[in-house]
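Analysis of the macromolecular model
These are the residues of each chain, in order.
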Amino acid sequence: MHERTTRALARWLFVGCCAAPTGLTMLAILVTWTPWYHHRARHAIESRVALMTGLRVEIGDFDRADPSTWRLTDVRLSDPETLQPVASVRSLQWISQSENTVIRLSQPEIRVESLEQVAELLHYRFLCQPDQTRVPVRIAADDVTLRGSSTAQTIQDFDAWLETRENTVWATVRCIPAGHRQDSEGIQIEVTRDRGTSPPTTAWSLQTGEVHLPLAVLADYYPFLNRLGADATFDGSFAGTRQDGITDPAWSVNLAGHFRDIDLGQLTQNLPHQVRGRGMISIDRCQLDQDWSVNVAGQLTADEGWMSASLLPRLAEDLGCRLAVATADDFSFDALALRFDLYSAQLRVEGICRSLPGREWLPAEVVVSAGGRPIVFSSAKWTDSLNLARLFAPSHSVWIPLSGQTSGLLSILRPPRHALPQNGLASDMPVASDMPGGRAGDRVLEDTEPAARISRLQPHRGETTPVSQPR
């Protein structure tokens, strides 16, 4: 080959094999430095994470140190339909390796009212998908905040581990709320997904350890916790199972522990008979199944407080208690303690005031004592569990015949929420003795006011004396 031709080929080989690739590489690097490419790549990450989680994802910035390490900052998750915030993370580091995946979260914040979405995300889009759990995952976070509408709880140390063992996905979580020692026994959570059963079964358990879990922070997720008061706490264990089915899943719940610092006044504020004070409910066992079969045993104790006088005859009539003293006025008590056993359709109440410190001299079976004197004694006999509903029923409540034959009607016919106005025609109303199951002397429509005599109403214009509330 001629020397000139050889030189030309060498030049073109240099351009094609060295200069051109080098130029293209430099151009690609320059393109990746442009804001346009960075913005496009960030949107691609947001779309991928949104597809995985089912939520709307916004990422402030990202960085990729190497092919296996991603770092995201200012991550915000929200509901795709309502745009309500679900969670946010100040910084997230994702390290994907062949043997495991490590996720490091810095200062994540979760909205309490969105805990259900977070739980469904972890269950349906993570535990229930085998391709998502092939590689063990380690999640570590610091300063996790559960943010409610009126309160917040910070978890200073959060550590989770997830792995697959044969046909079972096993996940454990250990967290320590702020204010506790790092070496203390924190909250332990365990979740398992058994794919070997048909259909698969999910089981979870929670142990609070040395931690008294504040319930106010969860009130946005479980609104009924507001009725326990702002200072109520729980310590103990909670476990449950759920087996997915074609229609309704089969589930069961087990609970044991202590509900402390309960505000009895707030708990009974919407009931016809009120009790005020601070109390504690200890649950020895609580088993609930899908068929709503109940097996509950525990204790209710309160050192001192105030009680409506109208509650005493209801305790005697509905729970079979015996009154040592009859009173028509609301009174202060110095001890309230009882043990309850609710099994299927049977209920038993036993007074245990003498077990309280400083009340050992009281007789046995005392439920309520005031001024050092027994007020209410228990009979320790089994009664119908429906009597518990009668105890808390308002005066305008009606008796509903529950049976399999009437279940269809009960979905249509609704009981009254308020008493019907009497308009001075109480004397013309039929009495309960004229109706099936009625008692002589009782009116069908009782007074609409609360049974407890709390105060006296101020007189209206033109009246000279105040009007007392009915007892």
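All residue numbers refer to positions counted from 1 along the written sequence of the respective chain. Under the rules for a predicted model, residues below a pLDDT of 70 receive no local features and side-chain atom pairs below 80 are neither given nor counted, while totals for whole chains, interfaces and linings still include all residues. The basis for every side-chain value is the complete set of non-hydrogen atoms in the structure, without hydrogens or water.

**Focus: the overall build of the chain**
- Helix and strand assignments come from DSSP, with helices taken as H or I runs of at least 4 residues and strands as E runs of at least 2, each series counted from the N terminus. Of the regular secondary structure elements, the chain holds 7 helices and 23 strands.
- Buried residues are those whose accessible area, probed at 1.4 Å on protein chains only, stays under 20% of the maximum for their type, while exposed residues exceed 50% and partly exposed ones sit between those limits. A buried classification covers 32% of the 471 residues belonging to the chain.
- Residue contacts follow a heavy-atom distance rule, with two residues in contact if any of their heavy atoms lie within 4.5 Å. Pairs at least 24 apart in sequence give 49% of the contacts found in the chain among residues at least 6 apart.
- Counting only carbon and sulfur atoms, one obtains 56% of the accessible surface of the chain, whose full area is about 28600 Å². For the area figures, the Shrake-Rupley method with a 1.4 Å probe applies, and any residue is considered shielded solely by the protein chains shown.

**Quick look at the pairing of strand 18 (residues 346-351)**
- Of the two faces of strand 18, the one lined by Leu347, Val349 and Gly351 is fully buried and the one lined by Gln346, Arg348 and Glu350 carries no buried residue.
- Across 6 bridges, the pairing between strand 17 (residues 335-343) and strand 18 is antiparallel. The residue bridging leucine 342 from the neighbouring strand is leucine 347, located in strand 18.
- As consecutive antiparallel partners, strand 17 and strand 18 are separated by 2 residues, and within that stretch serine 344 has a phi angle of approximately 55 degrees, a positive value. When DSSP finds two or more bridges between two strands, those strands count as paired.

**Description of the packing of aromatic side chains**
- A pair of aromatic rings is counted whenever rings of Phe, Tyr or Trp (Trp by its six-membered ring) have centres within 6.5 Å, and the orientation is called stacked for planes under 30 degrees apart, edge-to-face for over 60 and tilted otherwise. Across all of its chains, the model carries 4 aromatic pairs by this definition.
- Aromatic ring contacts, followed pair by pair, group Tyr221, Tyr222 and Phe224 into a single cluster.
- Two thresholds decide whether a charge sits over a ring: the Lys NZ or Arg CZ must be within 6 Å of the ring centre and within 35 degrees of the ring normal. Above the plane of the ring of tryptophan 170 lies arginine 165, whose end atom (NZ or CZ) is 3.8 Å from the centre.
- One cation-aromatic arrangement involves arginine 322 over phenylalanine 377; the distance from NZ or CZ to the ring centre is 4.4 Å.

**Regarding the confidence of the model for the chain**
- Scored by pLDDT, the chain has a mean of 82; 86% of the residues are at 70 or more.
- Residue range residues 465-471 is modelled with pLDDT below 50. Its contacts to residues more than four positions away, or to other chains, number 21 contacts. Predictor confidence is given residue by residue as pLDDT, running from a minimum of 0 to a maximum of 100.

**Remarks on helix 5 (residues 311-318)**
- Considered for burial, the residues of helix 5 that qualify are Leu311, Leu312, Leu315 and Asp318. Taken down its axis, helix 5 places every buried residue within 155 degrees of arc, on the same side.
- For helix 5, the secondary structure elements touched by its buried residues are strand 13 (275-289), strand 14 (294-307), strand 15 (322-323), strand 16 (331-333), strand 20 (373-377) and helix 6 (387-392). Within this analysis, the arc is defined by the directions that extend from the helix axis to the C-beta atoms.

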